[in-house]
Amino acid sequence: MKIKAQVSMVMNLDKCIGCHTCSITCKNVWTNREGAEYMYFNNVETKPGVGYPKRWEDQKKWKGGWKLDKSGNLGLATGSKATRLAKLFFHPEQPELDDYYEPWTYDYETLIHAKRRNHQPIARPRSLITGERMEIQWGPNWEDDLASGESARRDVNLEAIGQKISLEFHDLFMKYLPRICNHCLNPACVAACPSGAIYKRDEDGVVLVSQDGCRGWRHCVPACPYKKVYFNWKTNKAEKCVFCFPRLEGGLPTVCADTCVGRMRYMGVLLYDMDKVLDAAQTKKAGEIYHRVLDLLADPSDPAVVGAAKKEGITDAWIRAAQDSPVYRLIKEWKLALPLHPEYRTLPMVWYVPPLSPIARRVEADVYLPDAEEMRIPVAYLAQLFTAGNTAEMALVLQRLLEMRCVMRAEMTGEELPAHLALPAEAYKKMYRLLGIAKYKERFNIPAGLQGVSQEKLREMQGGGNYTCPMGGC
Ligand code: SF4
Ligand code: SF4
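Quick look at the structure, then. Since the structure is predicted, the reported quantities are computational estimates derived from the model, not experimental observations.

Nonpolar side chains in soluble globular proteins tend to be buried together. Counting residues in each nonpolar core, the largest one holds 136 residues, and the members touching the most others are Leu271, Trp351 and Phe386. Counting residues per element, this core draws most heavily on helix α19 (residues 391-413), which supplies eight residues.

Set out below in structure tokens:
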């Protein structure tokens, strides 16, 4: 057993209101500069929809993530080392600017300084790349709130279930999906980099790109199946979400989590057994990867785990944080959170509590505990997103969420509790508190400082370490 620590995030999708505050605060902090205009380290997409970049989930096209060969061994989907070398100067799976969007601004000067005329002056859009006037045809949130029409029909997950859902107005459903880099346990971006410039920090699992080491080969961009590495056209370097590591080191959550209006994000520490990572990523059936990942997440209260963690130099503060981790509770204890597209085999460490559809109709019809299968968002669709198509697994999670609502309803109305509950009623009440009304300190538990690294060393690392902040400010 080799225990490591990972800072992880859980997003409760029922509480995302699609306000995009997370994207904007992130953009203002990290990508508000030349060469990074089109980048959204955090983006929020409407599902069903093609997302950002367009159809990022279409791995037949992008060849992102990992796949198993005939003997069951793990390899990058983009190809062997030799294949990747051959693609150094021509890489057909690179996304282009059109796949994201051409960023623009407006002629505000015209608007402000136009001479007095009969007609109102207008501010025309102008490309932030070429400086030329342009027609806006797509943007990072082009399909916001549009869960039907052409874009929704091209959703990769719908295609996978044979478009079995109705896109008629009265049957429509939609949900928001906020996305950041998943700081994966088995990151394909790290493995694909020919220069060794991308690395996963030993202390907290944050995946970073060394701006000094990056040679601009861009192999990380297609290799990431979530398309969360971007290429800065100005600096010729790769960039990605840094999990706001300077904030983490100060014991603060990321900017996107801190400013989330829906209070739907949770952050904390997980302990995991490094020796089990490869086996989990190599799980034969993709639908079983989720369980293998749960299995490698270690119980932080188990004395054997605590002993092994100390042996690896994990400090008492981090072990205590892991024992009181909101994300551990949601992921492992209550099994409410799921990884996005586990079939990509990168073992993502950003998890999602799936959304319950509006259940009002069912309640009005006097159905006390509606069946997960009857919910408005089809289980098969959610299963494509979070359980590699395993609908039984997805139905179990939804059922647990429904049971929580029933227990709380019984608490308020004095009705009898449902006969068959998977967990004791007290567990549902704790679940409700954390998911529904938890305060800041309950949602975030991040120990300040890196493990075994003094403040002095920390300052030295930030000043002259192998990560150089592209903004020069960290
Ligand atoms: S999600 Fe992040 S850590 Fe995972 S492969 Fe993509 S860039 Fe790398
Ligand atoms: S700030 Fe929170 S609620 Fe708003 S879009 Fe982002 S994740 Fe959703």
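Around ligand 1, the neighbouring residues are Cys181, Asn182, His183, Cys184, Pro187, Ala188, Cys189, Val207, Cys224, Tyr226, Val229 and Lys240. Grouping the constituent residues of the shell around ligand 1 by class yields nine nonpolar, two polar and one charged.

Going residue by residue along strand β10 (residues 229-232), you find Val229 and Phe231 tucked away on one face and Tyr230 and Asn232 tucked away on the opposite face as well. Pairing between β10 and strand β11 (residues 237-240): four bridges, direction antiparallel. Residue pairing for β11: tyrosine 230 is matched across the bridge by glutamate 239. In textbook terms, the turn of a hairpin is the stretch between consecutive antiparallel strands, and for β10 and β11 this stretch comprises four residues, one of which, asparagine 236, has a positive phi near 60°.

The next subject is the packing of helix α14 (residues 303-311) against helix α15 (residues 316-323). Two numbers describe how α14 lies on α15: the axes approach to 10 Å, and their chain directions differ by 145°. The way α14 lies across α15 gives a crossing that is right-handed. Here Val306, Ala309 and Lys310 of α14 lie close against α15, whose contacting residues are Asp316, Ile319 and Gln323. The class makeup of the residues in the contact of α14 with α15 is three nonpolar, one polar and two charged.

All right, on to empty space enclosed by the protein then. Going through the model one piece at a time under the given rule, you end up with seven cavities of 30 Å³ or more. Approximately 90 Å³ is the volume attributed to the largest cavity. If you trace the largest cavity, you find 15 residues lining it, with Cys181, Cys184, Cys189, Cys224 and Tyr226 closest to the centre. Here the lining of the largest cavity is composed, by residue class, of 10 nonpolar, three polar and two charged.

This part takes up the site of ligand 2. Neighbouring residues of ligand 2: 14 residues in total, closest Cys16, Cys19, His20, Cys22 and Cys260. Residue composition of the shell around ligand 2, by class: nine nonpolar, four polar and one charged.

The next subject is the packing of aromatic side chains. For any pair of aromatic rings, geometry is given as the distance between the ring centres together with the angle between the planes. All chains considered together, the criterion is met by 17 aromatic pairs. Plain terms: the ring middles of tyrosine 38 and tyrosine 230 are 6.1 Å apart, the flat faces sit at 75° to each other, and that makes the pair edge-to-face. You can see tyrosine 38 sitting in the loop between α1 (21-30) and β2 (43-47) and its partner tyrosine 230 sitting in strand β10, a full 192 residues away along the chain. Side by side, tyrosine 38 and tyrosine 230 carry an identical accessibility label, which is buried. Between the aromatic rings of tyrosine 226 and tyrosine 344, the centroid separation amounts to 5.3 Å while the plane-to-plane angle is 65°, which identifies the pairing as edge-to-face. Remark: tyrosine 344 occurs in the loop between β13 (338-339) and β14 (350-353) and tyrosine 226 occurs in the loop between α9 (220-223) and β10; sequence separation between them is 118 residues. Summarising the burial analysis for this pair, tyrosine 226 and tyrosine 344 share the class buried. One aromatic cluster is present, formed by Tyr38, Tyr40, Phe41, Tyr52, Tyr100 and Tyr230 through successive ring pairs. Sitting above the plane of the tryptophan 56 ring, arginine 179 keeps its charged end 3.6 Å from the centroid. For the cation-ring pair, arginine 218 lies above phenylalanine 231, with the distance from its terminal atom to the ring centre recorded as 4.5 Å.

Before going further, it helps to examine the pattern of salt bridges. For the structure on display, the rule yields 25 salt bridges. The salt bridge involving lysine 234 is made with glutamate 34; its shortest N-O contact spans 3.8 Å. Highlighted residues: lysine 234 in the loop between β10 and β11 and glutamate 34 in the loop between α1 and β2, separated in sequence by 200 residues. Taking the relative accessible area as the measure of exposure, lysine 234 reaches 47% and is therefore partly exposed.

Packed helix pairs are specified by the crossing angle of their axes together with the interaxial distance, meaning the distance between the axes. Across the interface, helix α18 (residues 379-386) lies against α19 with an axial gap of 9 Å and an inter-helix angle of 105°. One finds that α18 runs roughly perpendicular with respect to α19. Between α18 and α19, the residues in contact are Val379, Ala380, Leu382, Ala383 and Phe386 and Thr391, Met394, Ala395 and Leu398, respectively. Taken together, the residues that form the contact of α18 with α19 break down as eight nonpolar, one polar and no charged.

Here we take up the side chain of lysine 227. Its location among the elements puts lysine 227 in the loop between α9 and β10. Glutamate 93 provides the closest opposite charge to the buried, unpaired lysine 227, separated from it by 8.8 Å. A distance of 3.0 Å separates a polar side-chain atom of lysine 227 from the backbone oxygen of proline 222. In contact with lysine 227, not counting residues within four places along its chain, are Pro53, Trp56, Trp62, Pro95, Val221 and Pro222.

What follows covers helix α20 (residues 425-437). Relative to the 18 Å expected for 13 residues at 1.5 Å per residue, α20 spans 18 Å between its end C-alpha atoms, a close match to the ideal helical length. Of the residues making up α20, those classed as buried are Ala427, Tyr428, Met431, Leu434 and Leu435. Axial view of α20: buried residues confined to an arc of 130°, hence all on one face. Lining the buried residues of α20 we find β1 (3-12), β12 (265-273), α16 (326-333), β14, α19 and α21 (440-443).

What counts as what
Residues numbered from 1 in each chain as written. Chains lettered and ligands numbered in written order. Predicted model: local features only at pLDDT ≥ 70, side-chain atom pairs only at ≥ 80, totals over all residues. Heavy atoms only, no water. Core = buried A, V, L, I, M, F, W, Y, C linked by side-chain atoms within 4.5 Å. Buried < 20%, exposed > 50% of the residue type's maximum accessible area, 1.4 Å probe, protein only. Helix = DSSP H or I, 4+ residues; strand = E, 2+ residues; numbered from the N terminus. Near = heavy atom within 4 Å. Nonpolar A, V, L, I, M, F, W, Y, C, P; charged D, E, K, R; others polar. Pairing = 2+ DSSP bridges. Axes fitted to C-alpha atoms, helices over the stretch in contact; angles between N-to-C directions. Left-handed = near helix turned anticlockwise from the far one by under 90°. Contact = heavy atoms within 4.5 Å. 1 Å grid on protein atoms, 1.4 Å probe; cavity = no way out; pocket = protein on both sides within 12 Å on 5 of 7 lines; lining within 4 Å. Points joined across faces, edges and corners; volume = space filled by probe spheres on them. Phe/Tyr/Trp six-rings, centres within 6.5 Å; stacked < 30°, edge-to-face > 60°. Lys NZ or Arg CZ within 6 Å of the ring centre and 35° of its normal. Salt bridge = Lys/Arg side-chain N within 4 Å of Asp/Glu carboxyl O. Parallel < 35°, antiparallel > 145°, perpendicular 65-115°, else oblique. Lys, Arg positive; Asp, Glu negative; His and termini not counted. Polar contact = N/O pair within 3.5 Å; in protein donor to acceptor, adjacent residues only side chain to side chain. Expected span 1.5 Å × (residues − 1). Arc of directions from axis to C-beta.

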